[in-house]
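Chain residues, written in single-letter form:
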Amino acid sequence: MGSRIEHRATYPQDVRAVLAAAAGEEALHARLEELGGKGAVLVERTETTNGVSFKLRHGIAAELLPQAVRTLHKGDVIVEREQTFTKAGDGYTGTVKAGVSGVPGEITARTELKSVGGETVLATTGEIRIRIPLFGAKLESGIAEQLNKLLQREAEFTAKWLAEHA
């Protein structure tokens, strides 16, 4: 069935400013430097009139993983992440696809960036599916915990970036 990921962040700035802070090239480089972990890099970024897409590589040091995950996955974890934001009315919708090194499975999510009551909301809803008999659910749970923490740290970084640059 998979483990759910849900995150919601609210910002006082407008949609355009939040998109720039969440997906702008300068902001992505700064965010990866601060939060991306070992070997983090912006692999690719493309901007069009309808939105933006990018690929990131995150590193999670083995010692930061829950014990249950370290038992099943030896070494550091590398997360390859592809994300899109596509214009939809006054906001953006998007997708996230990610894979974890050495783990048969995937992470998928949908995002929505929109104005709500004078604020901008970035909502992410997704799922982690690991295809390892008997141990998949335990890995999913550990990875979901780390990804929710990452989304929270990214939201905090975005708020800080907006305060300094918007």
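Note that the structure is a prediction, hence the values are computed from the model and not measured. (Residues numbered from 1 in each chain as written. Predicted model: local features only at pLDDT ≥ 70, side-chain atom pairs only at ≥ 80, totals over all residues. Heavy atoms only, no water.)

1. Remarks on the pairing of strand β5 (residues 91-100)
Where strand β4 (residues 77-88) lies against β5, ten bridges are found, and the strand directions are antiparallel. Bridge pairing links Q83 to V96 in β5. Connecting β4 to the next strand, β5, in antiparallel fashion are two residues, including G89 with a positive phi near 65°. Summarising the sheet, β5 and strand β6 (residues 105-116) pair through seven bridges and their orientation is antiparallel. (Pairing = 2+ DSSP bridges. Helix = DSSP H or I, 4+ residues; strand = E, 2+ residues; numbered from the N terminus.)

2. Focus on the pattern of salt bridges
Evaluated as defined, the whole model comprises ten salt bridges. Measuring nitrogen to oxygen at the nearest pair gives 3.8 Å for the salt bridge that ties R31 to E154. In this pair, R31 sits in helix α2 (residues 25-35) while E154 sits in helix α4 (residues 136-165), placing the two residues 123 residues apart along the sequence. Each member of the pair, R31 as well as E154, carries the same accessibility label: buried. R45 is the salt-bridge partner of E47, the closest N and O atoms lying 2.9 Å from each other. Ionic contacts of the salt-bridge type, sharing partners, join the residues R31, R81 and E154 into one network. (Salt bridge = Lys/Arg side-chain N within 4 Å of Asp/Glu carboxyl O. Buried < 20%, exposed > 50% of the residue type's maximum accessible area, 1.4 Å probe, protein only.)

3. Some thoughts on the side chain of T111
Looking at the element boundaries, T111 is found in strand β6. Ignoring anything within four residues of it in the chain, the contact list for T111 reads Q83, T84, F85, Y92, T93, G94, T95, V96, L122, A123 and T124. (Contact = heavy atoms within 4.5 Å.)

4. Considering the nonpolar core
Of all hydrophobic cores here, the largest spans 23 residues; its most connected members are Y11, L19, F54, F85 and L113. Contributing elements (two or more residues each) for this core: β1 (3-11), α1 (15-23), α2, β3 (51-60) and α4. It is α1 that provides the largest number of residues to this core, a total of five residues. Those residues in contact with L19, other than ones at most four positions away along the chain, are G24, V52, F85, Y92 and L113. Counting 16 residues, the second largest nonpolar core, distinct from the first, contains I107, L139, L147 and L151. (Core = buried A, V, L, I, M, F, W, Y, C linked by side-chain atoms within 4.5 Å.)

5. Some remarks on the packing of aromatic side chains
Overall, the coordinates contain one aromatic pair when judged by the stated rule. Relative to W161, the ring of F157 lies with its centre 6.0 Å away and its plane at 25°, an arrangement referred to as stacked. Here W161 and F157 lie together in helix α4, a separation of four residues that amounts to about one turn. For W161, a relative accessible area of 13% puts it in the buried group. (Phe/Tyr/Trp six-rings, centres within 6.5 Å; stacked < 30°, edge-to-face > 60°.)

6. Brief notes about the packing of α1 against α2
At a minimum axis distance of 5 Å, the contact between α1 and α2 shows a crossing angle of 45°. Taken together, the axis directions place α1 and α2 in an arrangement best described as oblique. Only E25, A27, L28 and R31 of α2 make contact with α1, whose side of the interface consists of A20, A21, A22 and A23. (Axes fitted to C-alpha atoms, helices over the stretch in contact; angles between N-to-C directions. Parallel < 35°, antiparallel > 145°, perpendicular 65-115°, else oblique.)

7. As for the side chain of E127
By the secondary structure assignment, E127 is in strand β7 (residues 119-130). Overall, the relative accessible area of 15% leaves E127 in the buried class. At 2.8 Å, the side chain of E127 and the side chain of R129 are in polar contact. (Polar contact = N/O pair within 3.5 Å; in protein donor to acceptor, adjacent residues only side chain to side chain.)

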